[in-house]
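Coordinate analysis (summary)
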Amino acid sequence: MEMPGSSPPDSDPAPRADASAAPPPRPPGAAAPPAVESEERWSSDRAFVATFVLLAVAAIVPIWRVRFLPLLDLPNHLAAVHIWHSFDEPWTRFRDFYELSLRPAPYGAYHILTHVIAYVVGLENANRVVLSGYVLAIPAAALGWARRTRRSPWLSVLTFPLAFSLSWACGFLPFLVGVALLLVGVVALDAYLDRPSPGGGVAVALLSVGCGLSHPLILFGYYVCVAVLMLCHLPRWSRIAVALPLFAPAVALVLWQLVAFKSPMVDLRSGPRFQGVWVPWHEMLRSFPEYTLDSVSGDLDTRLFWVLVAVASLLGVSGVARVARRFLPGRSLPAREPAPPSGSFLDRLHRHRSLALCAAMALCYFLVPLHLARPFDWWFVSGRFSPFICFFGFLAITAPLQGRSRLLMAPAVAAALVLPLHLSEKYARFDERVEPFAWMVERIPPGAEVLFLTLPPRTDESLIIEGTNHFSSWVQILHGGFSADGWHNVGFPFTLKRRLPAPPSNRGEWFKPDVHGVAYDYVILRNERPDKPLFTAAHPSFRRIERDGAFTLYQHTR
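Residues numbered from 1 in each chain as written. Predicted model: local features only at pLDDT ≥ 70, side-chain atom pairs only at ≥ 80, totals over all residues. Heavy atoms only, no water.

1. A few points about the overall build of the protein chain
This is how it is decided: Each helix is a run of H or I in the DSSP string that is no shorter than four residues. Each strand is a run of E no shorter than two, and both are numbered from the N terminus. Each residue is assigned to one of three classes by its accessible area relative to the maximum for its type, calculated with a 1.4 Å probe on protein chains only: buried under 20%, partly exposed between the two thresholds, exposed over 50%. Two residues qualify as a contact provided that any one of their heavy atoms is within 4.5 Å of a heavy atom in the partner residue. Values of accessible area rely on a 1.4 Å probe in the Shrake-Rupley scheme; residue burial ignores everything except the protein chains shown.
If you tally the helices and strands in the protein chain, you get 20 helices and 8 strands. Looking at the protein chain residue by residue over its 558 residues, the buried ones come to 56%. Contacts spanning at least 24 positions in sequence make up 80% of the contacts within the protein chain whose residues lie at least 6 apart. Looking at the protein chain as shown, the accessible area adds up to about 23,700 Å², and 64% of this sits on carbon and sulfur atoms.

2. Observations concerning the pairing of strand 6 (residues 522-526)
Put simply, the rule reads: Two strands qualify as a pair provided that DSSP identifies no fewer than 2 bridges between them.
With respect to burial, strand 6 is a largely interior element, 5 of its 5 residues being buried. Covered by surrounding structure in strand 6 are Tyr522, Ile524 and Arg526 together with Val523 and Leu525, the residues of both alternating faces. Where strand 4 (residues 450-454) and strand 6 come together, 5 bridges link them in parallel fashion. Each bridged residue has a counterpart across the sheet, and for Leu453 the counterpart in strand 6 is Leu525.

3. Re the packing of helix 6 (residues 123-149) against helix 8 (residues 173-194)
The line we're drawing: Only the contacting stretch of a helix is used when fitting its axis, a line to C-alpha atoms as for every element, and angles between N-to-C directions run 0 to 180 degrees. Any angle between 65 and 115 degrees counts as roughly perpendicular, while under 35 counts as roughly parallel, over 145 as roughly antiparallel, and the rest as oblique. Each crossing gets its hand from how the near helix is turned against the far one by less than a right angle, where anticlockwise is left-handed and clockwise is right-handed. All residues other than Ala, Val, Leu, Ile, Met, Phe, Trp, Tyr, Cys, Pro, Asp, Glu, Lys and Arg, Gly among them, are scored as polar; the first ten of these are nonpolar and the last four charged.
Contact geometry of helix 6 with helix 8 gives a least axis separation of 9 Å together with a crossing angle of 30°. When the interaxial angle is binned, helix 6 and helix 8 end up roughly parallel. As helix 6 runs across helix 8, the sense of the crossing is left-handed. Where helix 6 approaches helix 8, its residues Asn127, Val130, Leu131, Tyr134, Ala137, Ile138, Ala141, Gly144, Trp145 and Arg148 are matched on the opposing element by Leu173, Leu176, Val177, Val179, Ala180, Leu183, Val184, Val186, Val187, Asp190, Ala191 and Asp194. Each residue belonging to the contact of helix 6 with helix 8 can be placed in one class, and the counts come to 17 nonpolar, 2 polar and 3 charged.

4. With respect to the pattern of salt bridges
Put simply, the test is: Here a salt bridge means any side-chain nitrogen of Lys or Arg lying within 4 Å of a carboxyl oxygen belonging to Asp or Glu.
Applying the stated criterion across every chain, the model contains 19 salt bridges. Across the salt bridge formed by Glu449 and Arg93, the nearest N and O atoms sit 3.3 Å from each other. Taken together, the positions of Glu449 in the loop between helix 19 (435-443) and strand 4 and Arg93 in the loop between helix 4 (74-85) and strand 1 (98-100) put the pair 356 residues apart, joining distant regions of the chain. A salt bridge links Asp190 to Arg353; the nearest nitrogen and oxygen atoms lie 2.8 Å apart. Taken together, the residues Asp190 in helix 8 and Arg353 in helix 16 (residues 353-367) connect sequence positions 163 residues apart. Each member of the pair, Asp190 as well as Arg353, carries the same accessibility label: buried. In the salt-bridge network here, residues are joined through shared partners; they are Arg148, Asp190, Asp194, Arg236 and Arg353.

5. Things to note about the confidence of the model for the protein chain
Convention followed: For every residue, the pLDDT score states the predictor's confidence, bounded by 0 at the bottom and 100 at the top.
Looking at the protein chain, pLDDT values average 87 and 86% of them are 70 or higher. Mean pLDDT values for the elements of the protein chain range from 51 in helix 1 (residues 39-43) up to 98 in helix 3 (residues 61-65). This stretch, residues 1-40, has a pLDDT under 50; its non-local contacts, to residues over four places away or in other chains, come to 77 contacts. Here residues 324-335 scores under 50 on pLDDT; set against residues more than four positions off or in separate chains, the count is 43 contacts.

6. A look at the side chain of Arg128
Using the following cut-off: Residues scored as positive are Lys and Arg, those scored as negative are Asp and Glu, and His as well as the terminal groups of each chain are ignored.
Inspection of the secondary structure assignment puts Arg128 in helix 6. No salt bridge is formed by the buried Arg128. Its closest oppositely charged neighbour is Glu124, at 4.1 Å. Ignoring anything within four residues of it in the chain, the contact list for Arg128 reads Ile63, Trp64, Val66 and Arg67.

7. Here's the deal with the environment of Ala203
By the secondary structure assignment, Ala203 is in helix 9 (residues 198-214). Counting along the chain gives 43 residues from Ala203 to Leu246, while the straight-line C-alpha distance between them is 9.3 Å.

8. Some points on unusual backbone geometry
For residues besides glycine, phi is generally negative; the peptide bonds are generally trans as well. Pro456 connects to Pro457 through a cis peptide bond whose omega is -5°. Its location among the elements puts Pro457 in the loop between strand 4 and helix 20 (471-479). Pro493 follows Phe492 through a cis peptide bond whose omega is 0°. With respect to the helices, strands and loops of the structure, Pro493 is situated in the loop between helix 20 and strand 5 (494-496). Positive phi, normally seen in glycine, also occurs at Arg150, with a value near 60°. Counting through the fold element by element, Arg150 comes out in the loop between helix 6 and helix 7 (166-169).

Set out below in structure tokens:
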């Protein structure tokens with residue numbers, strides 16, 4: 001892998017006009033200009049390479065250590081891929097309940113990637129591969145962006161923990177895949193605007209379509225970044241004009257989705273077309289650490305957030321002081337396109353486009369509603385922009401981080417190493433507590449219909465979310481059949497043909513044996529109280545088979 005280096009930020013590696021011209025003589029007694037390290041020197045920073053590899057391995061440990069990764073919506077998204085991938089398998093009985101609907105739709109990027117990779121490594125491992133790609137894409141994009149803006153590659157260390165945001169805990173897998181596509185797409189577009197090429201154009205077009213297939217909010221955020229980047233590349237009008245057609249496929253996809261793709265998620269009936277809930281700015285500011293880096297119980301993850309902020313603040317102060325002592329010339333531009341005058345507003349905007357993108361994401365964070373009711377029923381909308389603010393804010397730092405100054409990154413390296421290991425411990429404890437669930441599903445005979453219910457308290461000591469709410473879909477992944485808790489309202493990759501009765505996934509206590517239980521052969525309960533059983537003497541057809549830990553298995557003898 002080619003690693004960016006530690007050359008001084010925004011330095012001019014070559015003369016603007018005549019590369020062969022000799023540098024002007026230095027006046028007697030004047031200090032020598034600072035050395036500019038080449039890209040080869042960047043990749044020879046063995047300490048950085050070793051640190052990056054170590055943190056990359058640690059970052060994916062939580063994904064590969066456990067089987068039941070406790071991300072809230074993960075089972076439903078993975079079950080949707082399972083329905084598509086195993087639709088024709090007789091043991092799944094999916095044809096009894098679903099019809100495939102394979103039209104390019106929002107949320108599709110995660111499902112498409114997982115479906116394709118599952119042919120090679122199986123369904124569950126394909127999910128792990130996709131999630132690992134998301135986690136590692138963030139620091140990889142940070143490396144690419146640091147190279148583009150001539151920042152130190154060490155700043156990418158600050159971005160490793162950003163993968164584990166509240167959106168991660170909630171299991172917003174299509175959105176998370178979109179985060180990776182957006183960040184890589186920003187890097188690709190910046191490179192194309194700087195030096196257009198056919199390969200770069202193809203990359204920009206494909207990544208734009210990927211953003212359109214990942215999540216509507218990602219597409220919105222991506223186009224905000226596109227607008228800001230094009231503004232930062234003024235006055236290169238010809239390159240902007242050449243780049244605009246690259247977004248035509250993505251725009252055509254969005255128009256088709258708006259006109260032809262009818263999803264039950266979109267509510268366009270009579271009444272206001274847009275309804276949302278805004279939170280006062282001071283509340284959004286107070287919640288920023290939790291939205292950015294809170295995914296398990298306890299406060300260690302948010303404490304590590306403040307470690308990252310402290311390191312970034314220290315580096316930012318040192319970088320500002322350095323720039324104040326020595327004005328750095330603007331980065332050289334290819335000769336065929338006019339460059340803004342050095343020191344002008346456009347020149348500074350280009351050199352500090354990380355700050356411009358950070359400001360744009362901050363505006364989205366404060367101006368977009370926190371929750372939406374129409375046209376989409378979305379929970380936690382504006383809060384998803386918090387990692388983007390940190391990503392571009394961290395990479396705006398101008399400190400060169402050479403020599404001993406790299407030791408300033410030690411607390412951030414420790415935070416980036418501790419966080420995933422801390423998460424993996426929390427996940428491992430959760431995984432141990434749900435082992436009886438897997439054993440119960442395995443002992444159920446093929447072809448039987450199974451209902452899973454979680455009863456109060458639905459929380460878990462390791463998590464900040466109700467991690468077993470959607471385990472009905474894990475039953476579907478392991479055993480087939482119908483899941484009353486699947487994403488039936490998305491319209492991709494399946495539509496619902498027939499359903500079985502069941503209470504809402506987060507209201508298992510609403511279960512009525514005579515209404516819901518009659519449709520199932522087995523019922524698995526979590527947190528049934530021995531002194532208050534769900535099935536009483538009035539329901540003799542339900543026989544308890546096993547109780548292990550928090551789980552109880554009942555058989556319906558009919």
